[in-house]
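These are the residues of each chain, in order.
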Amino acid sequence: MIALLLACAGPSEDTLVDELRVLSITPEVPEAAPGQQVRQDTLVVDPFEDHRLLQWTCTSLAPGSCLEAESEDWEGLSVDEPRGSFTVSAALASVATDEPLPLVRRWALACEEGLCPVFDELDAGLTEALRRDLQAPTELLRDLPFEGVSLAVRGMYVSSREDPATQPTLTCAGPWEVEPAGTAEFSCAVEGRLAEGAALWGYTSAGGWVGASVPLRSAEVGYSLVAPEEAGPVQLWVIVEDGASGSAVWSGSIRVR
Amino acid sequence: MRALIALLASALGAEVRLPELVYQAPAALPAEAPELGEEPSLLLRLQISEQGEVLDALVVEPTGTSLDEAALIAAFSSRFTPAYDAEGQPSGAVIDYRVVFDASAEPVQVQGQGLEVLVEEERLSPEIGERRLSAEDIRYLPGSAGDVVKVVQSLPGVARAPLGTANLSIRGTAPEDSATYLDGSPIPLVFHFAGLTSVVPGEALDEVAFVPGSASVRYGRLLGGVVDLRTTSELPEASNGQVSVDLYQASMFVEQRLGERTAITLAGRRSYIDAVLSPLLSNPDTGLKVQAPRYYDAQLRVVHQGDASWDLLVFGSDDRFRFLGAEEDEVFASFADRFLRARVRRVQDRSGLAHETTVSLGPELRFFELGEGTEAYERDLGASLRDEWSLAPTAARPVGFRAGVDVLGGQQAFLFDVGPTREEGESLYFAPGAYAEGTLRLGRFAATPGLRGDALVMDNGYSALSLDPRLSLRWAVTDRTVLRAAIGRYSAFPTLRQVDPGADGELDLLPERSLQTTLGVQHELVDGLSIELAGYLSELDDLVVGREERLRFFNGPPPVGPFDTDPYANDGVGRSLGAELLVRYDGRSSTALLAATWSRSRRIDRPGEDAELFESDQPLVLSALWSQKLPRDLRLGARLRAGSGNPYTPVVQRYFDTDSRSFVPVYGERSSARLDPFFSLDVRVDKSWTFQRWSLGAYLEIQNATNARNPELMAWNTDYSKEIPITSNPTLPVFGLRGQW
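Heads up: these notes are all about the structure in this document. (Residues numbered from 1 in each chain as written. Chains lettered and ligands numbered in written order. Predicted model: local features only at pLDDT ≥ 70, side-chain atom pairs only at ≥ 80, totals over all residues. Heavy atoms only, no water.)

Here the focus is the overall build of chain B. Each helix and strand in chain B was counted, giving four helices and 47 strands. Counting all 741 residues of chain B, 53% fall into the buried class. Residue pairs in contact within chain B that sit at least 24 positions apart in sequence constitute 64% of those at least 6 positions apart. Carbon and sulfur atoms make up 57% of the accessible area of chain B, which totals about 32,400 Å². (Helix = DSSP H or I, 4+ residues; strand = E, 2+ residues; numbered from the N terminus. Buried < 20%, exposed > 50% of the residue type's maximum accessible area, 1.4 Å probe, protein only. Contact = heavy atoms within 4.5 Å. Areas by Shrake-Rupley, 256 points an atom, 1.4 Å probe, with all protein chains shown as cover.)

Our focus in this paragraph is helix H1 (residues 67-76) of chain B. Residues and elements named next belong to chain B. Among all positions of H1, only Leu67, Asp68, Ala70, Ala71, Ala74 and Ala75 are buried. The arc that holds the buried residues of H1, viewed along the axis, is 165°, so those residues lie on one side. When the buried face of H1 is taken as reference, the exposed residues oriented beyond 90 degrees from it are Glu69 and Ile73. Looking at the buried side of H1, the elements it contacts are strand E3 (41-48), strand E4 (54-61) and strand E8 (93-101). (Arc of directions from axis to C-beta.)

A general trend in soluble globular proteins is that nonpolar side chains are found buried together. All names here are of chain B. Grouped together as the largest cluster of nonpolar side chains are 29 residues, with contacts concentrated most on Leu168, Leu182, Val200, Val208, Phe210, Val227 and Leu229. Those elements giving two or more residues to this core turn out to be strand E16 (207-211), strand E17 (226-230), strand E22 (309-324) and strand E35 (590-604). Two domains each provide a minimum of three residues to this core, namely domain 2 (131-230) and domain 3 (240-740). (Core = buried A, V, L, I, M, F, W, Y, C linked by side-chain atoms within 4.5 Å. Domains from an automatic or database assignment.)

We now examine the state of the cysteines. Residue and element names in this part refer to chain A. Under the defined criterion, the tally for this structure stands at three disulfides over all chains. Between the sulfur atoms of Cys172 and its disulfide partner Cys188 the distance amounts to 2.1 Å. Between Cys172 and Cys188, the S-S dihedral sits near 110°, and the bridge is therefore right-handed. Of the two residues, Cys172 sits in strand E9 (residues 169-173) while Cys188 sits in strand E11 (residues 183-191), which places them 16 residues apart along the sequence. For the pair shown, Cys172 and Cys188 are each scored as buried. Across chain A, the way the bonded cysteines pair up, counted in sequence order, is 1-2, 3-4, 5-6. (Disulfide = S-S within 2.5 Å.)

Another aspect to go through is the interface of chain B and chain A. Taken together, the 27 residues of chain B in the interface contact 30 residues of chain A. At the boundary of chain B with chain A, total buried surface from both sides reaches about 2,400 Å², with 58% on carbon and sulfur atoms. Of all residues in chain B, Gln653, Tyr655 and Arg661 of chain B give up the largest surface area on contact with chain A, accounting jointly for 28% of the area buried on that side. Seen at the junction of chain B and chain A, the total is three salt bridges. Connecting chain B to chain A are 14 residue pairs in polar contact (both at pLDDT 80 or more). Sorting the residues of the side of chain B that touches chain A by element identifies E22, strand E23 (331-350), strand E40 (651-657) and strand E41 (662-667) of chain B as the ones contributing at least two each. Classifying every residue of the side of chain B that touches chain A by side-chain character gives 15 nonpolar, seven polar and five charged. (Buried area = accessible area lost by both parts, 1.4 Å probe. Salt bridge = Lys/Arg side-chain N within 4 Å of Asp/Glu carboxyl O. Polar contact = N/O pair within 3.5 Å; in protein donor to acceptor, adjacent residues only side chain to side chain. Nonpolar A, V, L, I, M, F, W, Y, C, P; charged D, E, K, R; others polar.)

Residues and elements named next belong to chain A. With antiparallel pairing, the three strands of this open sheet are ordered in space as E1-E3-E6. The open sheet has two free edges, formed respectively by strand E1 (21-27) and strand E6 (83-87), since each of these has just one partner strand. Averaged over all neighbouring strand pairs, the angle between strand axes comes to 30°, with direction disregarded. Pairing geometry for E1 and strand E3 (residues 37-45), over six bridges, is antiparallel. Pairing of Ser24 across the sheet is with Leu43, part of E3. (Pairing = 2+ DSSP bridges. Axes fitted to C-alpha atoms, helices over the stretch in contact; angles between N-to-C directions.)

Shape descriptors only; they carry no functional weight alone.
Written out as structure tokens, the structure is:
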């Protein structure tokens, strides 16, 4: 605990993304109505650009089961489509109220080519075994290696209210270049409602952000990046979580001289 | 405790032998023989030791002449054979001894005809597996930093607690399954923060009794073992005191006689390790302030010896650990554990029939806060009453008994406010218990059947009963070999949180139970060297499972692994078995203790599930302690500990929760991996200087002298791709001074 509390200065290792990783799943709205079609964007960081991506939706009214499993084609299931859409189950109309309910989860599994058998199994169709695994996604992972595999999930709320929550927007600005091992100051502005717990989360392909996250006490905050010692381009991603299920992604880059 | 039992010589039978005169010292007769009657004689009463020496003498029937004093002086120089008890053991004795004089006043006949004999005899302890440690014997053993209670952690049957914490996991059970007592009264904790030292100073203790299992009916509401800290009810021979300082703390202890029958004791301790650590851990740049860890304890005791012994003890303990932020009221983390007790004990012993009454009252609090939104506490304002009658069997009186009531009552409250879970409860409780056991002693064999009943009633609607029959057997095969066996049922009630309807508890939960079996043999190889071997099997059932949380307060480190979040139920079963070896050597100049435990402890949480290792399962634990007196008041000691690492649940994969932006581990089979083995060596040197009115002692103890980096808990990096074992303390020198008068 002591170490945890004291380790709060310098670039955070947690912000370095140097292997295959699903970094964000961003639906166009954080809260949808039953039957609403939702576009969605998934950010996958892959240094080797050699991966496959499986995405699916699980609408749960009971733990461990998905409404989508009952249909012949799994609604919202897609392969190798980071940008796509899915439809929130119309069956939720009977339960949706003005109170947003966390009923929908959007899953994304990225695997290095040839590493995950599920992609080959899908070619043969949706078997019962696959349906079971998609309802308990961690089972898909059990026999897979740590490296080259990334599974991520995003929750979504369902309601029938007239003014559902919307996604925030995020813009960040900073220098184009930085000295090796130098610090670059970025300024990020968020538009939208910010709830308690709202924060920015930084990621980079080299070097590191100072602090894995920065709390959002106002709509504009500064965020520092410590550059790597090696020269070259560095990819940057900053993600805002507004504390009320909304999120947005900013992507950019900086060159180390 | 030893009792003086009066026995008529004629009733002792052939096995009991009286002291016989070996050498009569000549009396220094007066120059002129005094005038004597027709049958001149005098009667002396002699107290004779186990070695046949005359310890004390008084004239019972004098001649009324100067011969009385001469005979008395001569008696002190005479030698006898020792008395032998019914088991053939040498024993102390008191005999009446008649000296007959002839006309010239020469003692012509000395005899012990028709003597009344008082044989001092050890009572049979009803605790079949009890290991008693005299405070004096273990004060200098290394690894304890002078704390006698810590030696319990090195005894067989005790799993090594992670990170040196105070938890005593005994015979494969959880720390909360065992109980800690002070003179038979329950106390909430035995060690200060992280097990640094015990909450009752060793100077106040007469002995530490450790019962790893198969406890007698005196102890209830438990599934594991018992640690009973025992103070003496005897008055100190003279006023005395002690002041000590070491790396962690300073303490004082003063015992003062107030007249012939009363003594008062005042003791206290204050740690100052926080003063050392706080500047090191605090960070002025971030405003982080650390108050860690600090603890106090204090005791006030008044003992009065009259027809009965009265003992008033007020004692308390306060531990605290805090991380503070820059703001006045910003608390990152805070931990507190404190209690206060007032206890009155009355002990009366009449020819072996003992009556002991203890009443105890006081509050206790455990508190934990982690930033905003995480808070938990357990509070108890309780009272206890124990009223017990006992009569130990002896060779002359083969039947003994013990019977008593053991009642708890008060008010409990708890709060568990962690993340989305907020549970709060409060309830009055009343837990009456009663027990009785009888002992039948037939020569070298003794059997003790007993029965204990407990009830728990809470005003939240919960009630439960338990009835626990127990039987222990003891057979002294030879003078040096004793076989012991015991079987018994043990019960422990669920916690308030588990049964509180307001916290989704279950009112129909039953007491958890265990059936404990112990078989052991103790053999004294030579004087001072004994070996003890015991095997045990404990079958646990009706264990309460469910509602597991990532943060499990007050009962050890946070658990890892998949959690059973279903409602509470008595679905758990378990089995714990093992073998324990204890070799003790108490010589004139050295003390040694070798303890080895082999054990397995498994649990099945829900019907149909596979058995898994218990979280404190340590198949092999070894401890060796040695202390050697050297010339010039030096003493050298060492403690070596080695053993298996604890099991842990490995992480086999993880996924990323983009809402919380954190990784969620996917665990493998529960407790299917094990930490690396443990090894630690502590060494200690003591030196003392004796002055006219006081003595000074100094010690240096090097804990973990080889700087072994023992893995204690498993942790992971934030994406769970790397295991990062949390290791034990590095080498730590502890220097202490102690002044005694």
